[in-house]
Amino acid sequence: MAAHFQLAASILTNREILDLLCILSNDEELSVTINESMKGAALTGITTLVGGLFFGPPGLAIGGAVGGLAASGMAKNFKPVSQIICEMSEEKKELLCSKVKYALVNAAIPYGPNLLRYVQSHPCVSEELINIMRTFVTSELGKDSFHASILKNREILDLLCILSNDKEIFVTINESMKGAALTGITAFVGGLFLGPPGLAIGGAVGGLAASGMAKNFKPVSQIICEMSEEKKELLCSKVKHALVNAAIQFGPNLLRNVQSHPSVHKELINIMRTFVTSELDDQTFEMTDKFLYFAFASNLLKERLGINNKTAVFKAVAKLENYQLKFAYQSSRWCGHVATIVESKGDVVWGVVYEMSISERDSLDKQEGVDRNIYHATDIKVKDPNDVIYECRTYLLLKKDFGKPSPQYKDIIVRGALANGLPSDYVEFLKSIPDNGYKNKVPLYNKILTSLEDSK
């Protein structure tokens, strides 16, 4: 059997191998950045070289001519890999073909009219051939001539999805400006940089996430997935240009390289912002980097929330239906049990929706003891008196050790309810909650009272 494959490789012509590589590189939209001019405009599209032996030529000669015509209209700092292959010396072509032949023999890919189909149906082999082209272009053709080598549009889109989700950037659809901000989006983990599954799976996950979100919000990663191929190509060209100008090395560590350069990271975020708000119709989209938080206990009082979170802005009074307020964790800070919400059909928990900067989400998590496994964060949907729905972040206790709150803790909750105009019957309910009668000093309580006095 091994002899059969060696024979197959020997009768596989270099022209057929080069045709195969051209088709694969164009399918993957591979391009090369040339360091001759780091200020050229970004490539916005590459000519598709169809043909080759496997689609019933015209083969490499015509492909090279088409590539040459395409290159004449492109920025000097980008070339499709298929054109690079066409322009190589015969010696370099021979060396590249020998590497490909060796890979095909090792993978036991049968030679014949269906070679391209066989390669494309074996992702590992296809990826190996792509990597051979990457390595060959960056090393055999001279590292001084090429900056960072090959970058796929798919990799750029994956990178943007990951960056946008790290920052939790999302889009407000202006058909209804009353909706609340999305506080969490389904993470698109995947893509080449975190070890697949890439943008396709990311898009599917985004679709599932979007189905549960308020209609007037979408994560930017989902917007990217839903763009037309033309828009994706244009966005990728802008990102390529930014990466080349910043001399960021491409390859498996691209994400890490970008994240280690704050100015580049910020520039890519701004490119996404600008692109979404202008190229995709600035009458339709509005970018935001805030999230919504639903407070139902001591954080009802803004002076308490503001001790650690200065950006909180009141948005609305709202209710969480089919839940009940309970006290289920003995807190040394409050000298009594602190609040949580538990499912209870027919009951209602009233609270306040605050809009906060995403930069304060970690401090809010820390205040609620997420790092100490006291509370855990979750996303809920609440409704204001006008039936406007807000999707918010809130916190639930992990343990259910029910008990009574301290009078000081209860007093802060009642003060917050009164300050924000919660329904009077609900305020009376809060006042009627039995407390544990604690009479000693509670430092946090005194701190909040001092803050209230200072704000008068």
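Per chain, the residues get numbers from 1 upward, laid out in the order the sequence is written. In view of the model being predicted, local features appear only for residues whose pLDDT reaches at least 70, and side-chain atom pairs are presented and counted only at 80 or more, with totals across whole chains, interfaces and linings using the full set of residues. Each side-chain value is derived from all of the structure's non-hydrogen atoms; neither hydrogens nor water enter the calculation.

Side note on the confidence of the model for the protein
- The predictor rates its confidence in each residue with pLDDT, a number between 0 and 100. Per-residue confidence for the protein gives a mean pLDDT of 73, with 67% of residues at or over 70.
- Taken as a whole, residues 34–76 scores under 50 in pLDDT and shows 83 contacts with residues more than four places along the chain or in a different chain. Any two residues whose heavy atoms approach within 4.5 Å at even a single point are treated as in contact.

Examining the environment of V239
- Position of V239 among the secondary structure elements: in helix 11 (residues 229–245).
- We classify V239 as buried; its relative accessible area is 0%.
- Separated by 79 residues in sequence, V239 and L160 place their C-alpha atoms 9.0 Å apart.
- Residues in contact with V239, not counting those within four places in the same chain, are I156, L160, L268 and I271. Under the scheme used here, helices are H or I runs from DSSP no shorter than 4 residues and strands are E runs no shorter than 2 residues, and both carry numbers assigned from the N terminus. Residue exposure (1.4 Å probe, protein chains only): buried if accessible area is under 20% of the type maximum, exposed if over 50%, otherwise partly exposed.

Quick notes on helix 16 (residues 407–419)
- In this analysis, the expected span of each helix is defined as 1.5 Å times one less than the number of residues it contains. Look at helix 16: 18 Å from first C-alpha to last across 13 residues, which is about the 18 Å you get at 1.5 Å a residue.
- Residues of helix 16 that are buried: Q408, Y409, K410, I412, I413, V414, G416 and A417.
- Residue G421 follows helix 16 closely and has a positive phi angle near 75°.

Digging into the packing of aromatic side chains
- Stacked, edge-to-face and tilted are the three classes for Phe, Tyr and Trp ring pairs, Trp counted by its six-membered ring, which pair at centre distances within 6.5 Å; planes under 30 degrees apart are stacked, over 60 edge-to-face, the rest tilted. If you walk through the whole model with that rule in mind, you get five aromatic pairs.
- One aromatic cluster is present, built from ring pairs that chain together F327, W334 and Y409.

Quick look at the side chain of D365
- Relative to the helices and strands, D365 is located in helix 15 (residues 361–367).
- A 3.5 Å cut-off defines polar contacts: any pair of N or O atoms within that distance qualifies, except that in protein one atom must be a possible hydrogen donor and the other a possible acceptor, and neighbouring residues in sequence count only when both atoms are side-chain atoms. Looking at D365, its side chain comes within polar contact range of the side chain of Y395, at 2.5 Å.
- With sequence-adjacent residues up to four places away left out, D365 is seen in contact with V370, A377, R393 and Y395.

Side note on the packing of helix 16 against helix 18 (residues 443–455)
- Here helix 16 crosses helix 18 at 30°, and the two axes come no closer than 10 Å. Relative to helix 18, the element helix 16 is oriented roughly parallel. Note that helix 16 runs across helix 18; the crossing there is left-handed. Residue-level inspection shows Q408, D411, I412 and R415 of helix 16 in contact with helix 18, the latter providing Y445, I448, L449 and L452.
- Across the contact of helix 16 with helix 18, the residue classes break down as five nonpolar, one polar and two charged. Under this scheme, a helix contributes an axis fitted over its contacting stretch, all axes are lines through C-alpha atoms, and angles between N-to-C directions fall in the 0 to 180 degree range. Roughly parallel means an angle under 35 degrees; roughly antiparallel means over 145; roughly perpendicular covers 65 to 115; every other angle is labelled oblique. If you view the pair so one helix is near and one far, a crossing is left-handed when the near helix is turned anticlockwise from the far one by less than a right angle, and right-handed when it is turned clockwise. Polarity classes work like this: nonpolar for Ala, Val, Leu, Ile, Met, Phe, Trp, Tyr, Cys and Pro, charged for Asp, Glu, Lys and Arg, and polar for all others, with Gly in that last group.

Focus: the pairing of strand 11 (residues 389–397)
- Counted residue by residue, strand 11 has eight buried out of nine residues, so it is predominantly covered.
- Of the pairings in the sheet, the one linking strand 10 (residues 375–383) to strand 11 comprises nine bridges and is antiparallel in character. Residue pairing in the sheet places A377 in a bridge with Y395 of strand 11.
- Between the antiparallel neighbours strand 10 and strand 11 lie five residues, among them D387 with a positive phi of about 65°. Strands are labelled as partners when DSSP assigns at least two bridges between them.

Some remarks on the nonpolar core
- Residues Y293, F294, L325, W334, V382 and L422 are the most contacted members of the largest nonpolar core, which totals 58 residues.
- Elements with a minimum of two residues in this core: strand 7 (290–295), strand 8 (313–331), strand 9 (336–357), strand 10, strand 11, helix 16, helix 17 (424–431) and helix 18.
- At nine residues, strand 9 tops the list of elements feeding residues into this core.
- Sequence-distant contacts of F294, defined by excluding residues within four places in its chain, comprise A318, L320, V349, W350, G351, V352, V353, I380, V382, C392, R393 and T394.
- In terms of nonpolar packing, the next biggest core, distinct from the first, is built from 26 residues, L20, V119, I132 and M133 among them. Working definition of a nonpolar core: buried Ala, Val, Leu, Ile, Met, Phe, Trp, Tyr and Cys residues. They are joined through side-chain atoms within 4.5 Å.

Regarding unusual backbone geometry
- Positive phi, close to 65°, is recorded for N322, a residue that is not glycine.
- Owing to a relative accessible area of 38%, N322 belongs among the partly exposed residues under this scheme.
- Despite not being glycine, D387 has its phi angle at roughly 65°, a positive value.
- Assignment of secondary structure puts D387 in the loop between strand 10 and strand 11.

Overview of the pattern of salt bridges
- Throughout this description, the term salt bridge denotes a Lys or Arg side-chain nitrogen within 4 Å of a carboxyl oxygen of Asp or Glu. In this structure the tally under the stated criterion is seven salt bridges.
- For the salt bridge of D435 with K410, the shortest nitrogen-to-oxygen distance reads 3.8 Å. Here K410 lies in helix 16 and D435 lies in the loop between helix 17 and helix 18, a separation of 25 residues in the sequence.
- You can call D435 partly exposed: its relative accessible area is 27%.

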